[in-house]
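In case you want the letters, here they are:
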Amino acid sequence: MSQNDPVRSNFALLARKRVRYHEVDMQNVVFNANYLVYADIAVTEYFRALLADTDGHDTTGTAYFGPDGDVMVRHSTLDFRAGAKADDQLDIGVRVASFGRTSFTMEFAIFRDDALLVVIRTRYVYVTTADWRPAPVPDDFRTRVTGFEKLIPEQA
């Protein structure tokens, strides 16, 4: 582990996921593409938690941005440290690490107990649904995220 590696305590939200048999390859380790699926599961839970105290409804992230805006993945990187195996219980830490003008980057850290298995960084671009072009990330989203996070997101 390096000094800059994420630790469990960095995350306001840890989504729990058990590895299912069909998610592993012939080496009995999680097939690498499935880690992006795990990140997607965690981001849904993140938005659900972020919204829970807004209006009392459990919902997905796209509902947060209303009918006029949404987010799309622009770029993801994965840094593999160790493999998970069938039936492992994983905790997926997720947080907004930084904001740009029209985008934000989320950091995911996948843990088995205290062992860090994978670090994923995904940049999402905020777009308007009228033309699907980038637009500034809404201020109310920035404010809500900043109040939710344990570590304050960097501002670009």
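Remember, predicted model here, so these are calculated numbers, not experimental data. (Residues numbered from 1 in each chain as written. Predicted model: local features only at pLDDT ≥ 70, side-chain atom pairs only at ≥ 80, totals over all residues. Heavy atoms only, no water.)

Trainee: Sorry if this is basic, but what is going on with the nonpolar core here?
Mentor: Nonpolar side chains in soluble globular proteins generally cluster together in the buried interior. Core analysis: the largest hydrophobic core is formed by 34 residues, its most contacted members being F104, M106, F108 and F141. Looking at this core, the elements with two or more residues in it are strand 1 (13-18), helix 1 (34-55), strand 3 (89-99), strand 4 (103-112), strand 5 (115-128) and helix 3 (139-148). At eight residues, helix 1 tops the list of elements feeding residues into this core. Beyond its immediate stretch of four places on either side in the chain, F104 contacts F47, F65, V71, V96, S98, F99, T122, R123, Y124, V137 and F141. By size, the runner-up hydrophobic cluster in this structure holds five residues, among which are F11, F111, L116 and V119. (Core = buried A, V, L, I, M, F, W, Y, C linked by side-chain atoms within 4.5 Å. Buried < 20%, exposed > 50% of the residue type's maximum accessible area, 1.4 Å probe, protein only. Helix = DSSP H or I, 4+ residues; strand = E, 2+ residues; numbered from the N terminus. Contact = heavy atoms within 4.5 Å.)

Trainee: Help me out: how do you make sense of the packing of aromatic side chains in this one?
Mentor: In this description, an aromatic ring pair is defined by two values, namely the gap between the centres and the angle between the planes. Tallied over the full model, the rule gives 10 aromatic pairs. Each ring, one from Y46 and one from F47, has its centre 5.9 Å from the other, and the planes form 85 degrees; the classification is edge-to-face. Like F47, Y46 is buried. Grouping aromatic residues by their ring pairs yields a cluster made of Y46, F47, F99, F104, Y124, F141 and F148. Stacked on the ring of F111, the Lys or Arg R8 has its end atom at 5.6 Å from the ring centre. (Phe/Tyr/Trp six-rings, centres within 6.5 Å; stacked < 30°, edge-to-face > 60°. Lys NZ or Arg CZ within 6 Å of the ring centre and 35° of its normal.)

Trainee: Please explain the pattern of salt bridges as it appears in this structure.
Mentor: Two side chains carrying opposite charge are able to pair once their charged atoms lie near each other. Throughout the structure, instances matching the rule amount to 12 salt bridges. The salt bridge involving K17 is made with E23; its shortest N-O contact spans 2.9 Å. Relative accessible area serves as the criterion here: at 9%, K17 is assigned to the buried category. Overall, the relative accessible area of 5% leaves E23 in the buried class. Between R112 and D88 there is a salt bridge; the shortest N-O distance is 2.9 Å. In this pair, R112 sits in strand 4 while D88 sits in the loop between strand 2 (69-80) and strand 3, placing the two residues 24 residues apart along the sequence. A single salt-bridge network, built from bridges that share partners, covers R8, R16, D91 and D114. (Salt bridge = Lys/Arg side-chain N within 4 Å of Asp/Glu carboxyl O.)

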